[in-house]
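Fold and geometry: a report
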Amino acid sequence: MLERSDLAENALQALHDEAYDTPFNTQTLNHEGMIFIGGRKARSLAGEWNFCVDLLDTGLRQKWFALEEMAATERTEPWDYDPHEGETVPVPACWQMLKDRWYFFEGSVWYSRCLDMDAITRDKRQFLRIGAAQYDCKIFLNGAFLGNHYGGSTPFFCELSEHLKAGRNWLMLMVNNTRTLDRVPMRNTDWFNYGGIYREVALYQTPRVVIKDLFAYLVPDNGYNKIAVEVSVDGDVREARVDISQLGISDTITLDEDGRGRIIFDARPDLWSPETPNLYDIKLSAGSDHVSDRVGFRQISRIDDEIHLNGNAVFLRGISVHEDDVTHGKMTDEADLRRRFADAKELNCNFLRLAHYPHHEQAAQLADEMGFLLWEEIPVYWAIDFDNQATYRDARNQLLELIKRDRNRASVIIWSVGNENPDTDVRLRFMQRLVATAKSTDPTRLTSAACLVNHAKNRIEDRLAEHIDVIGINEYYGWYEENFDDLVAIGENSSPGKPVVISETGADGDISETGPRTGLFSEAYMSEVYEKQIATLRHLSYVKGISPWILYDFRVERRQNIFQRGFNKKGLIAADKITRKKAFYVLADFYAQKRQAQREGEKNHDH
Ligand code: GCU
């Protein structure tokens, strides 16, 4: 295994080649390799995987992925890690939550396991899907490098078909969560830098002809009487068949030479809304491939400074939420998600901001069923290397993976492309391109970003506002900004001409027994901030939604004072996801009033 380096006669490749990772950064696993999985049978690869931390990337330097499986006694050369044996960890999971010594570990790790296959037939294709791996994930099968993916919160696929053999295969995933200057997010975030394969890993077997994408939506022309279905198929077929039986739709879609097709049907579906979360079963087949989905049809639009759902002005009674758990870190499950929506319902919400990255796909699936509107976003957060083309490529890919994953979800109404980025020329160019990408990939939703107030002019003014539909504003008057009167002045000085969503506001409240009783970080002070914020925001006519920061206290390295101790305490509910703070009820009361007013408005409108 000791490869000589061409650097010098006495040099060794594994020790002196600092470009060792270049061949493994192809980023070929990206949105283009996605296939549609709705209705498919998945072979879950969840369970115990062999695991090893690898701080110095010894695995890539020494090529651990090339080690043949054999008994230690048979080896003729020394080795530093044998992927075929050693300690194991559960997949999915965040490694920081598994062992104290891995809590702050940041670097590369290796997951590996056997993959037993029956006879391999060439009329089938095998796709490995990783629900999410934080941040860089390199895939190796039977010693061959198959590609890598950047991005910590979106799914990606790797086709294994040509590399699998009948019987025992060896699958290895190297995951690296190091924060770097060119990644998205960069190095400094106000949420914990988890790592690992923390969402489902599964194998999908398909025919040779594979349905890559299905996008079904109500044509947003205010007619509410046309449904568009767009499909993408990989394989030698020139038509696909679509059925929405409850609407009497059953027809053939002609595919072009690239396997793409689009069809528009006349139909009058019962519209989807939070109050009426109507969903329709849609089936699509091409060749011998079959997929399905459950889709709600609705129209979301912006008219002047109003947000309209199905033609009715709507106020977004929201709350922000991270994907974070005191025990499981960034890993979530259905029970955790159902609790999240139940708590939001108790708060009288109709809207959630899924911050600051794409959440588990089940969040939008449940929001479709339970009736919530969602803001989804990519982690173009704080400082980003906006002038770096590789960084833009990464951000764009994460956005496309998010949109392709969730664009059949009626609950998702806003794609957000950034959070609290400085209003500079390079950032504006970067964001304009992302917004254009979102609009061209999905013309049926609104675009936004969480912007900052222009403190020099003391008003809402960000050049990006011209290019997005909804202006998100993060403001913390009463907390970071101690002069609360400035918020009133900003309200009077601003005339955004578009709907504004206060995408963040709030304050910390430490309700533990060591928490303060008065002043900053006390529950009482947090509640007062909410009262003052509501008293001011409710009079700003262009504010069409609020998603205060945040539903639950959450883990973060950068908060270490005696009241935070590694957690951000702005949660309306403590990290136990049970204990409500006083501000929870202040907001719930306000939202109950807004909901009542909306209902009365609709009643008057109907008369
Ligand atoms: C910022 C940021 C959040 C952060 C919050 C806070 O606005 O967007 O990610 O957690 O403020 O300071 O608590």
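Every value quoted in this text rests on a predicted model; they were computed, and no experiment measured them. The residue count restarts for each chain, going from 1 along the sequence in the order it is written. Only residues with pLDDT of 70 or above have their local features reported here, since the model is predicted, and side-chain atom pairs are shown and tallied only from 80 upward, although totals for entire chains, interfaces and linings are computed over all residues. Just so you know, side-chain values use all the structure's heavy atoms and leave hydrogens and water out.

**Observations concerning the pairing of strand β5 (residues 124-130)**
We apply this condition: Each residue is assigned to one of three classes by its accessible area relative to the maximum for its type, calculated with a 1.4 Å probe on protein chains only: buried under 20%, partly exposed between the two thresholds, exposed over 50%. Counting from the N terminus, the helices are DSSP H or I runs at least four residues long and the strands are E runs at least two residues long. At least two bridges found by DSSP between two strands is the condition for calling them paired.
Most of β5 sits out of view: 6 of its 7 residues are buried. Relative to strand β9 (residues 156-159), β5 runs antiparallel, the two being bridged by 4 bridges. Bridge pairing in β9 links R129 to F157.

**Comments concerning the site of the ligand**
Here is the rule we go by: One heavy atom suffices: a residue is near a molecule or strand as soon as one of its heavy atoms comes within 4 Å of it. The definition of a polar contact used here is a pair of N or O atoms within 3.5 Å, where within protein one atom must be able to donate a hydrogen and the other to accept one, and adjacent residues in sequence count solely through side-chain atom pairs. Per-residue and other accessible areas follow the Shrake-Rupley method at a 1.4 Å probe size, with only the shown protein chains counted as cover for residues. Ten residues, namely Ala, Val, Leu, Ile, Met, Phe, Trp, Tyr, Cys and Pro, are considered nonpolar, four, namely Asp, Glu, Lys and Arg, are considered charged, and the remaining ones, Gly among them, are considered polar.
Surrounding the ligand, one finds 14 residues, the nearest of these being D190, E420, Y480, E504 and K570. D190 places a polar side-chain atom, nitrogen or oxygen, 2.5 Å from an oxygen atom of the ligand. Between an oxygen atom of the ligand and a side-chain N or O atom of W549, the distance comes to 3.0 Å. Contact with the protein chains covers 97% of the free accessible surface of the ligand, which is 320 Å². Considering only residue class, the shell around the ligand consists of 5 nonpolar, 4 polar and 5 charged.

**Here we look at the layout of surface pockets**
Inclusion rule: Note on definitions: the grid is 1 Å and covers protein atoms alone; a cavity is a set of points where a 1.4 Å probe fits but cannot get out; a pocket is an open set with protein on both sides within 12 Å along at least five of seven lines; lining residues have an atom within 4 Å of a point. Grid points are joined across faces, edges and corners, and a volume is the space filled by probe spheres set on the points.
Its volume calculated, the largest pocket comes out at about 1100 Å³. Lining the largest pocket are 45 residues; nearest its centre among them are I35, F36, I37, G38 and R405. Of all the secondary-structure elements, those providing two or more residues to the lining of the largest pocket are β12 (201-207), β13 (210-218), β14 (226-234), β17 (260-266), β19 (289-295), α4 (361-370) and α5 (389-406). For the lining of the largest pocket, the class distribution of residues is 15 nonpolar, 11 polar and 19 charged. Around the second largest pocket, the lining comprises 29 residues; the ones closest to its centre are E275, V314, R317, Q598 and E602.

**A look at the sheet that holds β5**
Reading across from one edge, β1-β12-β5-β9 is the order of the 4 strands in this open sheet, with antiparallel pairing throughout. The open sheet is flanked by β1 (43-44) and β9, the only strands paired with a single partner. The pairing of β1 with β12 spans 2 bridges and is antiparallel. Bridge assignment links S44 to a residue of β12, and that residue is A202.

**A look at the pattern of salt bridges**
Quick reminder of the rule: By definition, a salt bridge exists where a carboxyl oxygen of Asp or Glu is found within 4 Å of a side-chain nitrogen of Lys or Arg.
Overall, the coordinates contain 46 salt bridges when judged by the stated rule. For D136, the salt bridge identified is with K138, shortest N-O distance 2.7 Å. Across this residue pair, the class does not change: D136 and K138 are buried. Of the charged contacts, one joins D293 and R409 as a salt bridge, the two residues approaching to 3.0 Å between their closest N and O atoms. Taken together, the residues span a long stretch of sequence, with D293 in strand β19 and R409 in the loop between α5 and β26 (412-419) at a distance of 116 residues. On the accessibility criterion, D293 (15% relative accessible area) is buried. Three or more residues are tied together by salt bridges with common partners; here these are D423, D425, R427, D462 and R463.

**A short note on the pairing of β17**
Of the two faces of β17, the one lined by G261, I263 and F265 is fully buried and the one lined by R260, R262, I264 and D266 carries no buried residue. As judged from the 7 bridges shared by β14 and β17, these two strands associate in the antiparallel manner. Bridge pairing in β17 links V229 to I263.

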